[in-house]
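A look at the structure
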Amino acid sequence: MYDYLVVGSGLYGAVFAHEAKKRNKKVIVIDKRGNVAGNVYTEKIAGINVHKYGAHIFHTNNKKVWDYVNEFAEFNRFTNSPIANYKGELYSLPFNMYTFNKMWGVTTPEEAAAKIEEQKKAAGISEPKNLEEQAISLVGTDIYEKLIKGYTQKQWGRPCTELPSFIIKRLPVRLTFDNNYFNALYQGIPIGGYTKMIENMLDKIEVRLGTDYLENRGELDKLADKVIYTGAIDAFYEYKLGTLEYRCVRFETELLDKPNFQGNAAVNYTDAETPWTRIIEHKWFEFGKDENGNDLPKTVISREYSSEWKPGDEPYYPVNDEKNSKLYEKYKALADKEEKVVFGGRLGEYKYYDMDQVIAAALQRSEEILG
Ligand code: UDP
């Protein structure tokens, strides 16, 4: 009946489905949730687009991907500049001259660089072997202790010495006064929310919501020649080689009867004691305005708590440490042998992908498969 059954209507699935439809393929998308858009789903509360599965700030250096997303949404000029709150002391993120000035009182890039070098030397690190060593060699021990250690351990539920260094390399370190969190040429939030953007990608494509692939695999497989599966790869194989670990995030979302709670979209709580990792105040992704440019009288905040994933929870972050990467390789070997099924996305490929990387991967795969 269909050429492609796409399992999951997040970014990977929506891009693939769009590309298949564009090439006149018959495609159906299913999702176990009652809505499309996967974890980029946004829901309107009191006029505010709430990022229900965590903050998503689109950023990319890839012009092709940027042009692509702009076919489906107009982007605003939001620039991510989170604040770190360490026991009431506020610091600018990512690590830049404002951060170094607040931490050490230094005023020039040379002084900041010398301070970092001195702390790196004192710690005796030449070749960083884990996240802790990587962080100290990038920004020194003071910043590591106040802005990285507690946050990272809360976020990943493991000591920094047991985490891969690439996680911290996501964050820029700059000897300039630039609070832009991302080193990206293009950045913004889709006006009207991500859900609308995904709906535009899925325009005129059949979508069945509330349909769980793994529970009805026999029936659903019969619908199409090929399956594009964007769920968790270990769940696909019924965890037969063991479970991959994920981090899970829980949100406590509150509508507050005041216009401004924290004056910024994201405040990270970087100490080890505060139980949440960060608080998102969603209205600031869109400058506190509704779509007509009027100030919004209320605000919605989400406290974000990180926890270990267990079967039944929503998986968010793959834990790309050595143990899990090895297990993933075993699942991947099985996946590579599948003739009917293609695995894609953060869960299907067990990769800490950013949104633009997911889109680039889905576009590349579409070209390979669809021509
Ligand atoms: N990180 C940190 N302190 C912060 C923000 C981030 O130590 O205030 C570290 C932490 O290990 C985190 C990583 O940097 O997992 C990547 O952060 P990013 O903001 O890219 O994570 P995401 O937004 O994907 O959760």
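Refer to the structure above for everything that follows.
Below, the structure is looked at part by part. (Residues numbered from 1 in each chain as written. Predicted model: local features only at pLDDT ≥ 70, side-chain atom pairs only at ≥ 80, totals over all residues. Heavy atoms only, no water.)

Next up on the list: helix H3 (residues 97-104). Of all the positions in H3, only Met97, Thr99, Phe100, Met103 and Trp104 are classed as buried. The buried residues of H3 occupy one face: seen down the axis, they fall within an arc of 155°. Tucked into the core, H3 has its buried residues touching strand S7 (89-92), helix H4 (109-123) and helix H5 (131-156). With a side-chain oxygen positioned 2.8 Å from the backbone nitrogen of tyrosine 98, the residue opening H3 is asparagine 96. Glycine 105 sits one or two residues past H3 and shows a positive phi near 80°. (Buried < 20%, exposed > 50% of the residue type's maximum accessible area, 1.4 Å probe, protein only. Helix = DSSP H or I, 4+ residues; strand = E, 2+ residues; numbered from the N terminus. Arc of directions from axis to C-beta. Contact = heavy atoms within 4.5 Å. Polar contact = N/O pair within 3.5 Å; in protein donor to acceptor, adjacent residues only side chain to side chain.)

A water-sized probe rolled over the atoms picks out the places where empty space is left. Here the second largest pocket defines a volume of roughly 290 Å³. In terms of lining residues, the second largest pocket is bounded by 18 residues, among which Lys332, Asp336, Phe343, Glu349 and Arg365 are the most central. Mapped onto the lining of the second largest pocket, the elements with two or more residues apiece are helix H10 (322-337), strand S16 (341-343) and helix H12 (355-370). The class makeup of the residues in the lining of the second largest pocket is nine nonpolar, two polar and seven charged. (1 Å grid on protein atoms, 1.4 Å probe; cavity = no way out; pocket = protein on both sides within 12 Å on 5 of 7 lines; lining within 4 Å. Points joined across faces, edges and corners; volume = space filled by probe spheres on them. Nonpolar A, V, L, I, M, F, W, Y, C, P; charged D, E, K, R; others polar.)

Now for the packing of aromatic side chains. All chains considered together, the criterion is met by 30 aromatic pairs. With 5.2 Å between their ring centres and 75° between their planes, phenylalanine 78 and phenylalanine 285 make a pair best called edge-to-face. Taken together, the residues phenylalanine 78 in the loop between helix H2 (63-69) and strand S6 (83-86) and phenylalanine 285 in the loop between strand S13 (278-281) and strand S14 (299-308) connect sequence positions 207 residues apart. By relative accessible area, phenylalanine 78 is classed as buried at 6%. Owing to a relative accessible area of 1%, phenylalanine 285 belongs among the buried residues under this scheme. The interplanar angle of 20° and the centroid separation of 6.0 Å between the aromatic rings of tyrosine 237 and tyrosine 331 together place this pair among those described as stacked. Taken together, the positions of tyrosine 237 in the loop between helix H9 (233-236) and strand S11 (246-256) and tyrosine 331 in helix H10 put the pair 94 residues apart, joining distant regions of the chain. Assigned by exposure class, tyrosine 237 and tyrosine 331 land together as buried. The structure contains a cluster of three or more aromatic residues connected by ring pairs, namely Tyr213, Tyr229, Phe236, Tyr237, Tyr331 and Phe343. Note that arginine 217 overlies the ring of phenylalanine 236, its terminal NZ or CZ placed 4.5 Å from the centroid. In this structure, lysine 283 packs its charged tip against the face of tryptophan 284, placed 5.4 Å from the ring centre. (Phe/Tyr/Trp six-rings, centres within 6.5 Å; stacked < 30°, edge-to-face > 60°. Lys NZ or Arg CZ within 6 Å of the ring centre and 35° of its normal.)

Structural measurements only, silent on function.
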